[in-house]
Every structure is written in structure tokens, then in C-alpha cells.
Number of protein chains: 2
Amino acid sequence: MATSQLQEQYQARTAAVLSQAIAKLGPLAPELKAAMEYGLLQGGKRVRPLLVYASGDLLAQGDVLSQPSSLPEPNHAALDAAAAAVECIHAYSLIHDDLPAMDNDDLRRGKPTVHIAFDEATAILAGDALQSLAFELLSQANLGLTAERQLRMVQELAVAAGYHGMCGGQALDIQYEGQAINRAALEQLHRHKTGALIRCAVRLGALCVTDMQEAHLSALSEYAQAIGLAFQVQDDILDITADTVTLGKTQGKDVLQQKSTYPALLGLEGARNLAEQLLDQALASLADIPYPTQTLEAFAHYIVNRDF
Amino acid sequence: MATSQLQEQYQARTAAVLSQAIAKLGPLAPELKAAMEYGLLQGGKRVRPLLVYASGDLLAQGDVLSQPSSLPEPNHAALDAAAAAVECIHAYSLIHDDLPAMDNDDLRRGKPTVHIAFDEATAILAGDALQSLAFELLSQANLGLTAERQLRMVQELAVAAGYHGMCGGQALDIQYEGQAINRAALEQLHRHKTGALIRCAVRLGALCVTDMQEAHLSALSEYAQAIGLAFQVQDDILDITADTVTLGKTQGKDVLQQKSTYPALLGLEGARNLAEQLLDQALASLADIPYPTQTLEAFAHYIVNRDF
């Protein structure tokens, strides 16, 4: 199957799983439910769920004819839960990042942000409830995993989302605003703010595979770390080169907010070279995994070459 | 041991466990860490951790001489994790509730709220990171529980904190502001906003006991539901009868914000009677548990009779 087709398939699956999770919420607080749905189901690239599925389907993709018996069936229930959980964390972070006290963004994916479409209080609460929902989804019974494995996945998601991951990175972003920072500081920021959850997505997908070996998990984590940073470098490049309509968010915002970016530090050409280097690193990490990795390779190319 | 002494002991233990959790956060984002610590360690009654400990210590309290062999040792590591996790959720909810877009409170426990002492962005992030920390603490390895049990505890906390619990209740609170609502609606609000996490605290404590029976867990849940509501009724009474200094928060705020309260619905005397009825219900639920329940009884009395 072509990657773009597979990508669409995973995106559709993500949307279905998230819709189902929202539908299950029941009628208690309709406004909150609507805000959660709005923040979660406005579309987006679904990069993190894609990575969960691609990583978890790893063993079932590719040349099944040459080694049919060694390829276990992917665990769809667990992958769905992990993909939805990771996207809930991502969606909540966008809702809170867009708030007036944070980035003060009115537009996200071409539509009014949650606090504009609803109100600030509801946006704060919707983010909070989406974070809880992530852990509810990931800890549900009957996912076909051992409880040990699932508990480890909860632990990894909590660490990636919290102080040592995404929240810590967002705090660094606030701290550095209006300051010129060096490349090491910028990398530390991004490794936390966006990298931690992308890495977690790849790891959660792999942890859905019963007999995943720790060595392969490490290789996948290296892959994830490289594409996580590449994703951010490309984001910085697009903030300069793309237009607002294509981006679905305000173009040139980084410059306006005096945020340090890779193009600012390395020049546009230097930033493009870095993205290519990181792509090479990601692909090299996959070489250590004795399974078909075409899908993950294709996603790495997509992340660096995307134009929105 | 006298209850007040035991209470102080549990409070001290809670503070120690929370301090340790904060100390472990490391130096990544000092401002965020400071805000989390400020929000978490400003004191407070620690009602939820007390209930975790009291419920989990249940089997080890009381008349150990009469049935020494039937009383298992409490699992301290698990109780500490559960107590800290529940308090992290509670602390994050206070930080977010105090925000200008929510209750807009400058004062909490007699001190500036987190967004006043720091800033709004940091307060939002500190709340977010405390929620993640709760799930990180509860999913950590080596708590001496089976992974199945621990996963169930994560699930219960996620449900109690999220849309079907605390966040949903907070949404109802916002929805009903300035509206006169009836007693059923008020009870639904409180059962979610504060009741869900109090119930969860009691259940998590009990789930730390390896051989806890489901029937006893149900009885404890009924106890918890009664004292959860009693807690709120007493809160409403104190908002009228206590002064700002004693409360550590602005007295008369409910009336000012036109919030529906039990004294407004039932009169002060009616509200006091309801609190007593709920106390009786709580005590009656404990009668079904064949273990020493003095501590839980004493806490129920404390919750209804407290004056701040």
C-alpha cells in the first residue's frame, strides 16, 4: 500500500477512535463535551497517532511473504487506545498553548481556537479533561496487553506529558521568549516541548507488540528523537516560507514573538541541511531493526518534506 | 492514638511525600517547578490524602490485640503514591479554578494564588504538569501491588479527575453560575466537582490493601460519597458563618458570585441538618465492614464539624 494511502487510512482510523471516545462521554456537561470534541476533532495531521500505528504495525507491514510466520498480528485495540491517548495529550496542549495567557492565538488549523469558539474557562477545562481522558483510555481493561506492559505505557505517557517532557518544554519556551538562545538551549526546548510526545508515540506503538525487544525499542526511540527534532526544524522553516492559509495558523508568528528558531540560528539553508541530517539519522536508526520498516521510513521523509 | 494526632501524622507524611516528589523533578524548568511546589505545598487540610491513608490503614488500625493475625500490614509505598497522586489532582484543580477566567481568586489559604505569585501562563502549566505527575506517581514500578491492581487505580483516578468526575463538575459549576438551581442539580454538581475525587481517595486507599473485598469497597464508596457531599454542605455553611481570616479565602464569595448553595436552598438550619444526616449515612456504611473503622468514623465527624 502506498504511504499516502496508509497515512489516510491511519488518519481515518484515528478520527473514528477519537469520535468514539467523545461519544462515550455522555450528556453530563454538553458544553465541555463540545469543546473537547472541537479541540480533538478539528483535523490536523495526526502525526503522533500515525507514528503509534506505524510503529505498532511495524511487524505486520512490508514483505509478509518472505517471513510470514515471524510476523505477529498487530494488537488493534491497544494501538487504538495508545493513538487516541497520545492525540488527547497533544490536543489538550494545543488548547492550553493557544490561551490568551500563553501564545494568545485566535486561529488554529484555519478555525477559531477553542477559547474563541467557546470561552476561556471552558477551554482550560476541556484541556484538563482531555489529559484525564488520555490516561483513562490508556488504562482501560481488555486491551490484550499484560497489565505490566500497560502500566509501563501509562508511566511513559505521564513522563512524556509532564514536567520532564512536554510541560517542561513549554515552560522553557515561555522562559526564553524574547531572548536570543543558543542551539543547545533551542534543542533542549524542542526535545521536551514536541520531541518527548513524538518519541512516546513511537514507543507506545512498539510496546503494543507483545514480544518487542528492548534493543529494538531503543533503536525506535533514536529514530523518534531524530524525527521529533526534524519535525520542529521543518515547522520553523514553514513559519517563514509558507503562507497563513496553507499553514492554517498565523505565518511569521515566531519572528513576531521574537522566538528563537533554527532558521534564525543557522540561516534557512542551514536549517534545511539540519533537517536532512536528522532524516539521515532517523533512517540509520531503523537499520538496526530486523523487520520491515518502510512505513516508518516513509513517515520520516514525509515529516521533513511536508509543506504544511 | 487520638485522631487529631493521627491526622497530624498523616498530614506530615503527605507533606514529606509531596516534597520528595517535587525534589525529584530536577532542574529543567525552575520557574515551573517552583510554581508546582507552591501550589502543592502551601498546606491545606489534606483531606484526600488523609482519606487514602485512613482507608488503606483500615485493617491495621484499632484493636489489633483482639484479632492480630487477621490484620495485614499496610502497604506504605502504595499508600504514599496514591495519597500524593490524589493531592496532585486536587492541587492542580485549585490552581486552575483560581485563574482569572475561572473563579478569579487572588487568595488561597491566606496566600496569593499561583497565578498571582507567578503568572497566568505558569499557573496553567503548573496545573497541567501536576496532573501528569499524579499519573506518573500512581503508575510507578515497585509499589508492591499487582500491575492489574495498579492499572485499575490509574483508571479510577483518571475517571474521577476527568469529564465524568471533577472536570465535569467544574463545568456544571460554570454552567449554573448566576442561576438558581434545584437541590438535585446542586447535588449532581457537587458529587462530580468534589465528591468524585473524595470517593476516589477512599477507594484508592482500600485498593492498596491486597485482599480488599469488592463488598467492602462498595461500603467504603458509600461512606465516601456521603462524606464527600457532607464536606461540600459544610463548605457552604462556612462560607456564610466563618470569617475570611479563618477560612484563608474570601468569605461570602458564594453569595457574591450568586452560586447556589445548600444554605440558600435549605436555610442554615436545614443545611446543618443535612450535614448531620449525611454523617449518619457515612457511619452506617462503615457498619458493614468487619474491621476497625474508628479512624474513618473520626474523619467523618471531623469533616462535618470542622470550622475552616
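To start, this report covers the structure provided alongside it. Quantities reported herein were computed from a predicted structural model and do not represent experimental measurements.

**What about the interface of chain B and chain A?**
And step 1. Taken together, the contact pairs 48 residues of chain B with 48 residues of chain A.
And step 2. Across the chain B to chain A interface the summed buried area is about 4,100 Å²; carbon plus sulfur atoms make up 69%.
And step 3. Contact with chain A buries surface across chain B, with B:Leu28, B:Leu151 and B:Tyr163 losing the most and accounting together for 20% of the total.
And step 4. Taken together, chain B and chain A are joined by 0 salt bridges.
And step 5. Connecting chain B to chain A are 18 residue pairs in polar contact (both at pLDDT 80 or more).
And step 6. Looking at the side of chain B that touches chain A, the elements with two or more residues in it are α2 (30–40), α4 (76–97), α6 (120–138), α7 (147–161), α8 (166–176) and α9 (183–207) of chain B.

**Notes on α8(B)**
And step 1. Burial within α8(B) is extensive, with 9 of its 11 residues counted as buried.
And step 2. If you check which residues of α8(B) are buried, you get B:Met166, B:Cys167, B:Gly168, B:Gly169, B:Gln170, B:Ala171, B:Leu172, B:Asp173 and B:Tyr176.
And step 3. Lining the buried residues of α8(B) we find α2 (30–40) and α6 (120–138) of chain A together with α4, α7 and α9 of chain B.
And step 4. Just downstream of α8(B), B:Gly178 is the residue with a positive phi angle, here 80 degrees.

**Considering the nonpolar core**
And step 1. In this structure, A:Met36, A:Leu157, A:Tyr223, B:Met36, B:Leu157 and B:Tyr223 are the most contacted members of the largest nonpolar core, which totals 219 residues.
And step 2. Apart from the residues lying within four places of it in its own chain, the contact partners of B:Leu157 are B:Ala85, B:Val86, B:Ile89, B:Ala134, B:Phe135, B:Leu138, B:Leu197, B:Cys200 and B:Leu204.

**Looking at the relation of the copies chain B and chain A**
And step 1. Structural alignment of chain B on chain A gives an RMSD of 0.0 Å, achieved by rotating through 180 degrees and translating 0.0 Å along the axis. One copy is carried onto the other by what is essentially a two-fold rotation axis. Minimal C-alpha distance to the rotation axis in chain B is attained by B:Ala147, lying at 2.6 Å.
And step 2. A shared interface surface links the copies, since 100% of the contact residues of chain B are contact residues in chain A too.

The rules behind these values
Residues numbered from 1 in each chain as written. Chains lettered and ligands numbered in written order. Predicted model: local features only at pLDDT ≥ 70, side-chain atom pairs only at ≥ 80, totals over all residues. Heavy atoms only, no water. Contact = heavy atoms within 4.5 Å. Buried area = accessible area lost by both parts, 1.4 Å probe. Salt bridge = Lys/Arg side-chain N within 4 Å of Asp/Glu carboxyl O. Polar contact = N/O pair within 3.5 Å; in protein donor to acceptor, adjacent residues only side chain to side chain. Helix = DSSP H or I, 4+ residues; strand = E, 2+ residues; numbered from the N terminus. Buried < 20%, exposed > 50% of the residue type's maximum accessible area, 1.4 Å probe, protein only. Core = buried A, V, L, I, M, F, W, Y, C linked by side-chain atoms within 4.5 Å. Least-squares fit on C-alpha atoms with pLDDT ≥ 70 in both.

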